[in-house]
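Residue-level listing of the chains:
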Amino acid sequence: MAIKEPRAEQTPKPKRVSPWRILTPVKTQINLAMAISASSALFGLAVMLQLMMVVQRLIEDPTTVPWLWFAGAAICTVGAYVARLGAFNQAHYAAFRLERVLRTGLAERLARVSLGYVETQGAGALAKVIHDDVKALHVFVADSTPLYARAYVTPVVTLALLIALDWRLALVTLIVLGFGYGILNGAQKRRRDMVRKYNAAREQVSAAVVEYVQAMPVVRNFDSGKMSFGRYQNALDGYLTVMLDWYRAAGFPARFSWLVLSPMPTLTLVLGTGLWLTSAGDLSVSRWLGVLLICTGMAEAMMPMMMLRHMIEKVSLSVARIEEVMNAPELGQGAKAPSDTPLTLDPNAPALQFENVTFSYGADLDPALRNISFSVAEGSVTALVGPSGAGKTTVARLIPRFWDVTSGAISLGGHDIRDMGPDQLMEQVAFVFQESFLFAESIAANIRIGKPDASDEDVIAAATAAQAHGFISDLPQGYDTPVGERGVFLSGGQRQRIAIARALLQSRPILVLDEATAFADPENEAELIAALSELMRGRTVIMVAHRLATIRDADQILVFDRGQIAERGAHDDLVAQGGVYARLWNNYEQAQNWSLGGARTPEAPVIEMVK
């Protein structure tokens, strides 16, 4: 069945939060980088002061070279360079360490949440958080940490020195910078709104590009790109409109403010004011020169301050998305604490039991299952059938705790699955999906997933039982053959047999099959059926089936309809009842008898119910 999707909701975008909230693992290293960067700024200012003293001594006595002050300036220059390099290294070390910590933490968190949460969020969105958002935080830590010293330490110390040298020239410097900062603030009044529109327009362009490329077969067959390319063109036009609007609204004020905040206007005005004061005999040449050397420090600090503000705004959304995943609810834990010891099952209890299970995909959604109760005996085969959307796959996916039940309980061997640790539960249940995911590694590595210490002989035995050894042996590199991304180098039937070999190697007592033959082609179907029959041997099997001919010999057939069990029993009895199952069976037989020429097509092979 198709899983009932939760209703789409207009969820607000994550709120902007301070990036420093998530930097705790590397806070000490970041503080060290800031302190080193601050020392670099102080060394730079010390160079200017000592050059001022060099000039003053030369004015007082041109015949004596002030080597001591000159040496101090040289030492401070080296110190400023070494400190800046050290701050750069510490910031990048912290960024690399934070990247590793966050990605490890996110992966561990996702391993503890329900798979329902993962499916709801979507693989693309979660991949963006783990890769792009963590990378954005890496860039922020690496680049912004040294900026903090230049943005805050430099202007404060510079202002104090300017006031000590001459408060009048310090006031001139403040007036220039205040004027430029006021213009810049006025230019950025609409910044947040424009950034939101810019991001939305850019996302529309990206979505249109992806849609156009992915839908190329449909495009070429139906509209030759007229409609789909038109959507792309409309997205580009919208993006252009937003950019032009932003440029017209803030272009000139922003550029003019950057011009005012550059060092040259400050230097020019201080130079002119100092010249007037010096000519009036109200300011010494050495102090005037000292102010000229130092005053540009405040102007230069404005640029890092603006850059820092932009970086914080940019990274805050990434931090919010990371925190959202890190705070995702974990699967609940029952009264019994999980242990590392093997689970002891009650031999007198059913292998699997549902007790009044009700489940909903969301608090505001109708239940997908209502009061489901059934038990499965050890070593038996139970088939779940019913119309699409009836709840079959939901039942199958509740067993390995893709989600937790809303009410009721599911137990294995007398143990509520919520009382089991994840490893304990996975030791009991194997799951074969409709579409089997393979990693971009070798065939042997894919079979060994979950059991990396398995020997080559065990891998070959599992592949042989899964009817896969033959085609694997024909490959150029045999079991060492890479399967490509998501197994792209193998056919659907071959991928499914690799997945079956993986399940065979695990040798878990309970097997859940979610329509494992759904996408099998006729050539591979017989081998796939043989592989499944081998996999089912001696195990407790719960199988979701749409092809009813494959489950005629099941020990128990549960017929689902609208989230409830409508009928249960053996095949012949259910057909004789004339209910939901009989209707499904008649529809199935009619579908099997249909062909272009009216001739009957062969029946689907039946999985041998081996015990």
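Asker: It is not clear to me how the overall build of the protein should be interpreted in this structure. Could you clarify?
Answerer: When its secondary structure is counted, the protein shows 19 helices and 10 strands. A fraction of 78% describes how many contacts in the protein between residues 6 or more apart in sequence connect residues 24 or more apart. Of the accessible surface of the protein, which amounts to about 31,500 Å², a share of 59% is contributed by carbon and sulfur atoms.

Asker: Even after reading the chapter, I still don't get the sheet that holds strand β2 (residues 369-376), so can you show me in this structure?
Answerer: Strand pairing in a sheet takes place through backbone hydrogen bonds and is either antiparallel or parallel in direction. Spatially, 4 strands are ordered β2-β1-β4-β5 in an open sheet, and the strand pairing comes out antiparallel. The strands lining the two open edges of the sheet, one partner per strand, are β2 and β5 (415-416). One ladder, built from 5 bridges, connects strand β1 (residues 352-359) with β2; its direction is antiparallel. Within β2, the position partnered with leucine 352 by the bridge is valine 376.

Asker: Could you clarify how one ought to interpret the sheet that holds strand β10 (residues 564-569) in this entry?
Answerer: In space, the 6 strands of this open sheet follow the order β6-β7-β8-β3-β9-β10, with mixed pairing throughout. In this open sheet, the two strands that pair with only one neighbour each are β6 (429-432) and β10. Geometrically, the sheet is characterised by an average inter-axis angle of 20° between neighbouring strands, direction not taken into account. Two strands pair when backbone bridges link them, and strand β3 (residues 381-385) and strand β8 (residues 540-544) are joined in this way by 4 bridges, in the parallel orientation. Bridging from a neighbouring strand, valine 381 pairs with valine 541 of β8.

Asker: So what exactly am I meant to see when it comes to the packing of helix α1 (residues 27-60) against helix α2 (residues 67-112) here?
Answerer: The relative placement of two packed helices comes down to the angle between their axes together with the axis-to-axis distance. Relative orientation of the contacting elements α1 and α2 amounts to 165°, with a least axis distance of 7 Å. Judged by the angle between their axes, α1 and α2 are roughly antiparallel. Note that α1 runs across α2; the crossing there is left-handed. Per-class residue counts for the contact of α1 with α2 are 20 nonpolar, 11 polar and 3 charged.

Asker: It is not clear to me how the pairing of β1 should be interpreted in this structure. Could you clarify?
Answerer: Where a strand is regular, its side chains alternate between the two sheet faces. Where β1 lies against strand β4 (residues 407-412), 5 bridges are found, and the strand directions are antiparallel. Opposite threonine 358, over in β4, you have serine 407 as the bridge partner.

Asker: Honestly, the nonpolar core in this entry has me stumped. Any pointers?
Answerer: What tends to happen in soluble globular proteins is that the nonpolar side chains get buried as a cluster. Core analysis: the biggest nonpolar cluster contains 45 residues, and Ile447, Ile498, Ile551, Ile557 and Tyr581 have the highest contact counts within it. For this core, the element with the most residues is helix α16 (residues 492-506), which contributes 6 residues. Look past the residues within four positions of isoleucine 557 in its chain and what remains in contact with it is Ala383, Val385, Ile551, Glu567, Arg568, Gly569, Ala570, His571, Leu574 and Tyr581.

Asker: What is the right way to read empty space enclosed by the protein from this model?
Answerer: In this approach a probe as big as a water molecule rolls over the atoms, and the regions it shows empty are the leftover space. Tallied over the entire structure, the rule returns 2 cavities of 30 Å³ or more. The wall of the second largest cavity is formed by Leu398, Trp403, Asp404, Val405, Ile410, Asp416, Ile417 and Arg418. When grouped by side-chain class, the residues that make up the lining of the second largest cavity number 5 nonpolar, no polar and 3 charged.

Asker: Would you mind going over the packing of aromatic side chains with me for this structure?
Answerer: A ring pair, where both rings are aromatic, is described by two values, the distance of the centres and the angle of the planes. Counted according to the given criterion, the structure contains 6 aromatic pairs. An angle of 85° between the planes, with centres 6.2 Å apart, marks the rings of tryptophan 67 and phenylalanine 70 as edge-to-face. With a gap of 3 residues between them, tryptophan 67 and phenylalanine 70 both fall in helix α2, about one helical turn apart. Considering the side-chain rings of phenylalanine 359 and tyrosine 361, the 4.9 Å spacing of their centres and the 80° angle between planes classify their relative orientation as edge-to-face. Here the two residues phenylalanine 359 and tyrosine 361 agree in accessibility, since each one is buried. Among the aromatic residues, those joined into a cluster by ring pairs are Phe359, Tyr361 and Trp403.

Procedures and definitions
Residues numbered from 1 in each chain as written. Predicted model: local features only at pLDDT ≥ 70, side-chain atom pairs only at ≥ 80, totals over all residues. Heavy atoms only, no water. Helix = DSSP H or I, 4+ residues; strand = E, 2+ residues; numbered from the N terminus. Contact = heavy atoms within 4.5 Å. Areas by Shrake-Rupley, 256 points an atom, 1.4 Å probe, with all protein chains shown as cover. Pairing = 2+ DSSP bridges. Axes fitted to C-alpha atoms, helices over the stretch in contact; angles between N-to-C directions. Parallel < 35°, antiparallel > 145°, perpendicular 65-115°, else oblique. Left-handed = near helix turned anticlockwise from the far one by under 90°. Nonpolar A, V, L, I, M, F, W, Y, C, P; charged D, E, K, R; others polar. Core = buried A, V, L, I, M, F, W, Y, C linked by side-chain atoms within 4.5 Å. Buried < 20%, exposed > 50% of the residue type's maximum accessible area, 1.4 Å probe, protein only. 1 Å grid on protein atoms, 1.4 Å probe; cavity = no way out; pocket = protein on both sides within 12 Å on 5 of 7 lines; lining within 4 Å. Points joined across faces, edges and corners; volume = space filled by probe spheres on them. Phe/Tyr/Trp six-rings, centres within 6.5 Å; stacked < 30°, edge-to-face > 60°.

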